[in-house]
There are 2 protein chains.
Amino acid sequence: MTLPPEHPWWVADTANSRLVRAMRAQSVDRPPVWFMRQAGRSLPEYREVRAGIPMLDTCLDPSLAAEITLQPVRRHGVDAAIFFSDIVVPVKCAGVDVVITPGVGPVVADPFAEVTDLDRLPQPAPEMFDAVAEGVRQTVAQLGSTPLIGFAGAPFTVASYLIEGGPSRDLPKTKAMMIRQPEMFAGLLGKLADLASEFLRVQITAGASAMQLFDSWVGALPARLYRQHVLPHTMRVFEQVADLGVPRVHFGVGANHLASDMAGAGCDVLGVDFRVDLDAVPTAIRSQLPLQGNLDPAVLLTDADTIEAEVRRVLAAGRALRGHVFNLGHGVLPDTPADNVTAAVRAVQEFGESFEGVA
Amino acid sequence: MTLPPEHPWWVADTANSRLVRAMRAQSVDRPPVWFMRQAGRSLPEYREVRAGIPMLDTCLDPSLAAEITLQPVRRHGVDAAIFFSDIVVPVKCAGVDVVITPGVGPVVADPFAEVTDLDRLPQPAPEMFDAVAEGVRQTVAQLGSTPLIGFAGAPFTVASYLIEGGPSRDLPKTKAMMIRQPEMFAGLLGKLADLASEFLRVQITAGASAMQLFDSWVGALPARLYRQHVLPHTMRVFEQVADLGVPRVHFGVGANHLASDMAGAGCDVLGVDFRVDLDAVPTAIRSQLPLQGNLDPAVLLTDADTIEAEVRRVLAAGRALRGHVFNLGHGVLPDTPADNVTAAVRAVQEFGESFEGVA
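Presented here is a report on the structure given in the accompanying data block.

Cut-offs used in this document
Residues numbered from 1 in each chain as written. Chains lettered and ligands numbered in written order. Predicted model: local features only at pLDDT ≥ 70, side-chain atom pairs only at ≥ 80, totals over all residues. Heavy atoms only, no water. Core = buried A, V, L, I, M, F, W, Y, C linked by side-chain atoms within 4.5 Å. Buried < 20%, exposed > 50% of the residue type's maximum accessible area, 1.4 Å probe, protein only. Contact = heavy atoms within 4.5 Å. Helix = DSSP H or I, 4+ residues; strand = E, 2+ residues; numbered from the N terminus. Pairing = 2+ DSSP bridges. Right-handed = clockwise from strand over helix to strand, strands pointing away.

## Some points on the nonpolar core
Part 1: One finds Val-91 and Phe-156 of chain B to be the most contacted residues of the largest nonpolar core, which totals 130 residues.
Part 2: If we ignore the near neighbours within four places in the chain, the residues touching Phe-156 of chain B are Leu-171, Thr-174, Met-178, Phe-185, Leu-189, Asp-215, Trp-217, Val-218, Leu-221 and Val-230 of chain B.
Part 3: Counting residues in each nonpolar core, the second largest holds 129 residues, with Ala-94, Leu-188, Leu-278 and Val-332 of chain A among its members.

## As for unusual backbone geometry
Part 1: In this structure, Asn-294 of chain A follows Gly-293 of chain A across a cis peptide bond, with omega equal to -20°.
Part 2: For Asn-294 of chain A, the position within the fold is in strand E8 (residues 291-295).
Part 3: Here the phi dihedral of Arg-37 of chain B falls at roughly 60°; this positive angle occurs in a residue that is not glycine.
Part 4: Tracing the backbone shows Arg-37 of chain B in the loop between helix H2 (18-23) and helix H3 (44-50).
Part 5: Exposure remark for Arg-37 of chain B: the relative accessible area of 47% places this residue in the partly exposed category.
Part 6: Of note, the phi angle at Leu-171 of chain B is positive, near 50°, even though the residue is not glycine.
Part 7: With respect to the element layout, Leu-171 of chain B can be found in the loop between helix H8 (155-164) and helix H9 (172-180).

## Some words on the pairing of strand E5 (residues 210-215) of chain A
Residues and elements named next belong to chain A.
Part 1: Of all six residues in E5, six are buried, a share of seventy percent or more.
Part 2: Residue alternation in E5 divides its side chains into two sets, Ala-210, Gln-212 and Phe-214 and Met-211, Leu-213 and Asp-215, and both sets are buried.
Part 3: Judged from the five bridges that link them, strand E4 (residues 148-153) and E5 form a sheet pairing that is parallel. Looking at the pairing, Ala-152 lines up with Leu-213 of E5.
Part 4: In terms of strand pairing, E5 meets strand E6 (residues 248-252) through five bridges, oriented parallel. Across the sheet, Phe-214 pairs through a bridge with Phe-251, a residue of E6.
Part 5: Running through helix H11 (residues 223-240), the crossover from E5 to the neighbouring parallel element E6 is right-handed.

As structure tokens, then:
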């Protein structure tokens, strides 16, 4: 595949990395491996540098965010870094009063309820994300040939925090707004789609070679509501970064009933959560896109033998795919021993077989 | 359908109720309606009688449990009561040190980890559940022709509390035991299946006309693990109460990827959670069993017009089924205004059309 001339240098620079090749359904010597939440509480070096520093301050400190992003690459030898961030970073940068309370999650001081609240979200501009751009540049400078993945929360999940005021399993206010104030809901998701797009553009322009859009809470919706109220905005995010030419991953938690819709949202790779084995994903999706996933994060709490057996099972299921990016089926759990994460990476390196690719 | 002569009197007594007829795919004048967690915090009269009394003490006080079970029948005019209980009641009755901590959920003092812990669960005997039997008898005596549904947690969900020591979204210890100590896990689920069966037998023998087996956490498993480690034990529960001849409902949360397996576990009715519309349930399941569900509980936090519109949508989707028991797609949320629950019941009464039935 020849890259169009207008593509930025970094896309060319990591175009032959395992990660980018697998995401493009090109041949690789073995599946690339990285783990969602690979940077975080499972690493002693993370707990050390984070000590006493609030989460969002960490995300917005360029050298600290870069250091944390690099830690799992150094320790585990994963094939990609993902920029250390949080789903609410873009709205924080846009001026919303949000903090991340340990043990709770994002807490929004004044939840969004009225149409006038939409005015609290300004038109996005790259300058809002200068700290993130600088963090990405510092990261990429140290990563060498290892690609960096940019990260953003999907409009629905970010909206749910703004509407509920914090994490909520049942999303009652979000669903009520969707049903009773569909125009306000669409206005909010539209603004958040633009914000996510700009946030991703900034990361890619600063050096990210791929991106992932993360829809943590979307599994709470039936397909009917997802298609009507969410999918158009998610599609807009993918569209608005399409010109940058980096592979785009789409991932939702507990959203297997939405898999066909999510696969058709304009992404290049679909992340699969641990609830459905890769070989049980519908054929229409498997023949359309490379998949990312999906070792159960709970397996990393066991032992080296169990981890090896489970990694080999996931690798075997991945062999029949168009392309396979080895990952977990959700993020690394906080109490995971770092050595177990390394053991999983080693098992992928040892047992992952070469892929012919179709592209 | 003629009942075999050995069937107990109460099965004959409510055999012509809307609930039992719909669950047997027989003709009804309209779908029956009841709601999971219809007895509970949404009712002021519940909060009044519960004040200061711990949850498990309430469940095991026969007249208090009966009173709470009857409250939503009186207030909303639902077509069925469900015996007020909790998923951990059977293990509490079997001697396990478990309390329900408000705002947290069940907390097990000494979680199950070693094979020797299995000895802490005695052989089930009906006498363990005398308080529940008495509560059921008092309830049925006051219910008249309205049927009572018996309730038990499924072996997997109860096991998860015993292993994790409390509620856990990720179930790391449960999954680790399943994978690394499969024999202990099978031993535990086997014992819990026998306990659930006895607990349900006691409720049915005391007067319940139907039963529901509730698997709250099973959605966290892929079908592969479900089939191997869970389904055989769930099937045993349904088998062990089959001779009592009451309709058996099977319900799991976020478990739509397991729907075919759950539908084939030996139940007579499959409960469908709110994430998949009734008309999107696979045809093989819809043609096999009546379905129960699946208004989103979040809709009950809106307003009368929205509730009516959503109830009519669910009723319309239910019309194409073999049988339809109107319910929520999960339990009533604690902050739900009681009047909204009544409004939903009224809408089912007003707009539910007659069903021919196939049996």
